[in-house]
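# Report on the structure
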Number of protein chains: 2
Amino acid sequence: MSLIILGSVAFDALETPFGKTDKIVGGAASYAALAASYLYDDVKIISVVGEDFGQGNLEKFTDKHIDISGIQIKAGEKSFFWSGKYHNDMNTRDTLVTELNVLGDFDPIIPSSYQMAEYILLGNLSPQVQLTALERLTRRPKLVVMDTMNFWMNIALDDLKKVLRQVDVLTINDEEARQLSGQYSLVKAAELILNMGPKYLIIKKGEHGALLFGENSIFAAPALPLAEVFDPTGAGDTFAGGFIGYLANKGFINFESMKAAVIYGSALASFCVEKFGTERIESLSAQEIHERVQTFSTLTSFII
Amino acid sequence: MSLIILGSVAFDALETPFGKTDKIVGGAASYAALAASYLYDDVKIISVVGEDFGQGNLEKFTDKHIDISGIQIKAGEKSFFWSGKYHNDMNTRDTLVTELNVLGDFDPIIPSSYQMAEYILLGNLSPQVQLTALERLTRRPKLVVMDTMNFWMNIALDDLKKVLRQVDVLTINDEEARQLSGQYSLVKAAELILNMGPKYLIIKKGEHGALLFGENSIFAAPALPLAEVFDPTGAGDTFAGGFIGYLANKGFINFESMKAAVIYGSALASFCVEKFGTERIESLSAQEIHERVQTFSTLTSFII
């Protein structure tokens, strides 16, 4: 009944109006796996790092009982590194450095202990790698969630569409939904994208929350209104990890359980942005998460 | 127990990607009063029109049992006229023509039959006119709601702040909240604006819904996801009219009733954008409104 998280495990160096960091742990799989680990107890990562990543950093995952036997460690090579600087409004950022390093020729190897997984998050990575990982599973998981970004739409759209045909849920942001569909209206965009393969679509709108489409229904979740966003890095990955972690825990997949999963994903993402990198989502308590989810209930409930 | 709507009653000429109109009925009070009339049965307008407005157009209000004895009709003069063209994304527009006409020296006269009103919407107009109308009421209504826009922040900020000190609820959009407060974060903006006088603040975010702040609480309402926005003109005024109309009907004012009022305002605004101008909100049924409000419940409800 494992939940596999495929994605980058990497180093980031971040600069926001609140300060800057040296190289810290980043990567889509890092955020997603940490988030999922609070909701599900059998989380396994597939990724690759260089020798520079270090045992101490890997322990961030094993401390949370995350299985890292699918993280390849490449001797003499360096981990993926991204450096970015956020503008004052926190909604836009400049990439300062991108060093692919070990990610350049990443071949996702699936340990045999991962083979019976029932849930997989194809985190943001090249569509070709996402597809390869999926094809190497001898049994299709009962839920396949895919996250991606505009970068892959620009350079690997055909591959991306191939993956899309095999997934149950796609998570992208509003601009990406518009790019992928060619439609400005998110309702029209969703209709087109759902015809590309996924049964469900989540459109992430940052501070404006998220929309879930599927089963001819729509669910709108707000984001938690925050006085300050300290560092938005990884919020989307954290959302995806919380989303699939909740569903793995529930064990049944329908529009109702996905609505709750969107709220859990949103709640975990709201923690993520409170500190730099993965810092905040390394040290959550069950009580904090419970209270944050209750806050979402309070924020949205009304009586007519 | 009247509800007074102060604002413009005017002509608009609109152009959207879906077509264009000749002069049709527009103005903040027109939209707000029509919306409120579905929820409350004692709605009274304070406004001014020119001789050109015509009896037929006034009957749009009297047909809905809206009291128009506070609409001054200026012989030999022309009604306020605005013409605008929306861009393809419907989020931005160019003003083509603004003719103040009778609005240039509007002196809001309160008929004696309006004097015991318990609810007033100070619709989008010059802050000086809003203040004059409020001061001419011999008894302060139990609820004063103010709508305004960036235009008045640019040219009459001091007057606007004077009105703010006397209102219970302010409704503005996100950009206006940022301009008025000097804060990018809407949470910080709300805190500052609530210190300027209003007990409650509603920040309208268009397709992203609305946030209600007050009593140390926040409520987030989504907008209805729409495949097409035919004409966004008047959606904010319709929201305000639906909001105060619901509260007048309920008769009690607290955070809980305001949450429902935000949903009713959002529901009525979602109708408004379906056709040009006031057309759609001239012909709603109670059943349609009921079903639309239910749609908002379905859109936002989840079970954890």
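This is a predicted model, so every value here is computed, not measured.

### Thoughts on the pattern of salt bridges
- Under the definition given, this model contains 40 salt bridges over all chains.
- Between Glu15(B) and Lys20(B) there is a salt bridge; the shortest N-O distance is 3.9 Å.
- By relative accessible area, which is 23% here, Glu15(B) ends up partly exposed.
- Using a relative accessible area of 62% as the deciding quantity, one classes Lys20(B) as exposed.
- Each of the salt bridges in this network shares a partner with another, and the network as a whole consists of Glu274(A), Arg280(A), Glu288(A) and Arg292(A).

### Some remarks on the UniProt feature "domain: Carbohydrate kinase PfkB" (unreviewed entry) in chain A
- Mapped onto this numbering, the UniProt entry gives "domain: Carbohydrate kinase PfkB" (unreviewed entry) at residues 21–279 of chain A.
- Strand forms 24% of residues 21–279 of chain A and helix 36%; the C-alpha atoms that close the span are 12 Å apart.

### Examining the environment of Leu247(B)
Residues and elements named next belong to chain B.
- Residue position: Leu 247 is located in helix α8 (residues 235–250).
- Its relative accessible area of 0% is what places Leu 247 among the buried residues.
- Linking Leu 247 and Leu 39, residues 208 residues apart in sequence, is a C-alpha distance of 8.8 Å.
- For Leu 247, the residues in contact, after removing those within four places along its chain, are Tyr 119, Leu 143, Phe 252, Ile 253, Ser 257, Met 258 and Ala 261.

### So, the relation of the copies chain A and chain B
- Once turned by 180° and shifted 0.0 Å along the axis, chain A lies on chain B with an RMSD of 0.0 Å. Taken together, the turn and the small shift mark the pair as related by a two-fold rotation axis. When C-alpha distances to the rotation axis are compared across chain A, the minimum falls at His208(A), with a value of 3.0 Å.
- Residue by residue, 100% of the interface of chain A is reproduced at the interface of chain B, so both copies engage with the same surface.

### Considering unusual backbone geometry
- Positive phi outside glycine occurs at Asn216(A), with the angle close to 55°.
- Tracing the backbone shows Asn216(A) in the loop between β13 (210–214) and β14 (217–221).
- Note on Asn216(A): relative accessible area 87%, which makes it exposed.
- A positive phi angle is found at Glu215(B), which is not glycine, with a value near 50°.
- Examined against the element boundaries, Glu215(B) turns out to sit in the loop between β13 (210–214) and β14 (217–221).

### Some points on the nonpolar core
- In terms of nonpolar packing, the biggest core is built from 111 residues, with Leu122(A), Leu3(B), Ile5(B), Phe61(B), Phe243(B) and Val262(B) touching the most fellow members.
- Among the elements that take part in this core, helix α9 (residues 255–272) of chain B stands out by supplying twelve residues, more than any other.
- When residues no more than four places from it in sequence are discounted, the contact partners of Leu122(A) are Leu6(A), Gln130(A), Leu134(A), Val144(A), Val145(A), Met146(A), Asp147(A), Val163(A) and Val167(A).
- Phe11(A), Val273(A), Ile281(A) and Leu201(B) belong to the second-largest nonpolar core, a separate cluster that totals 110 residues.

### With respect to the sheet that holds strand β10 (residues 143–147) of chain B
Residues and elements named next belong to chain B.
- Here nine strands make up an open sheet; going across it, the order is β6-β5-β1-β9-β10-β11-β12-β13-β14 and the pairing mixed. Lying at the two open borders of the sheet, with one neighbouring strand each, are β6 (67–74) and β14. Adjacent strand axes in the sheet meet at a mean angle of 15° when their direction is disregarded.
- Relative to β6, strand β5 (residues 43–50) runs parallel, the two sharing six bridges. Paired with Gly 50 across the bridge in β6 is Lys 74.
- Each of β10, β11 (169–173), β12 (200–204), β13 and β14 is contacted by α9, which is oriented at about 20° to β14, the strand it contacts most.

Cut-offs and rules
- Residues numbered from 1 in each chain as written.
- Chains lettered and ligands numbered in written order.
- Predicted model: local features only at pLDDT ≥ 70, side-chain atom pairs only at ≥ 80, totals over all residues.
- Heavy atoms only, no water.
- Salt bridge = Lys/Arg side-chain N within 4 Å of Asp/Glu carboxyl O.
- Buried < 20%, exposed > 50% of the residue type's maximum accessible area, 1.4 Å probe, protein only.
- UniProt positions renumbered as here; feature names shortened; annotations may be inferred.
- Helix = DSSP H or I, 4+ residues; strand = E, 2+ residues; numbered from the N terminus.
- Contact = heavy atoms within 4.5 Å.
- Least-squares fit on C-alpha atoms with pLDDT ≥ 70 in both.
- Core = buried A, V, L, I, M, F, W, Y, C linked by side-chain atoms within 4.5 Å.
- Pairing = 2+ DSSP bridges.
- Axes fitted to C-alpha atoms, helices over the stretch in contact; angles between N-to-C directions.

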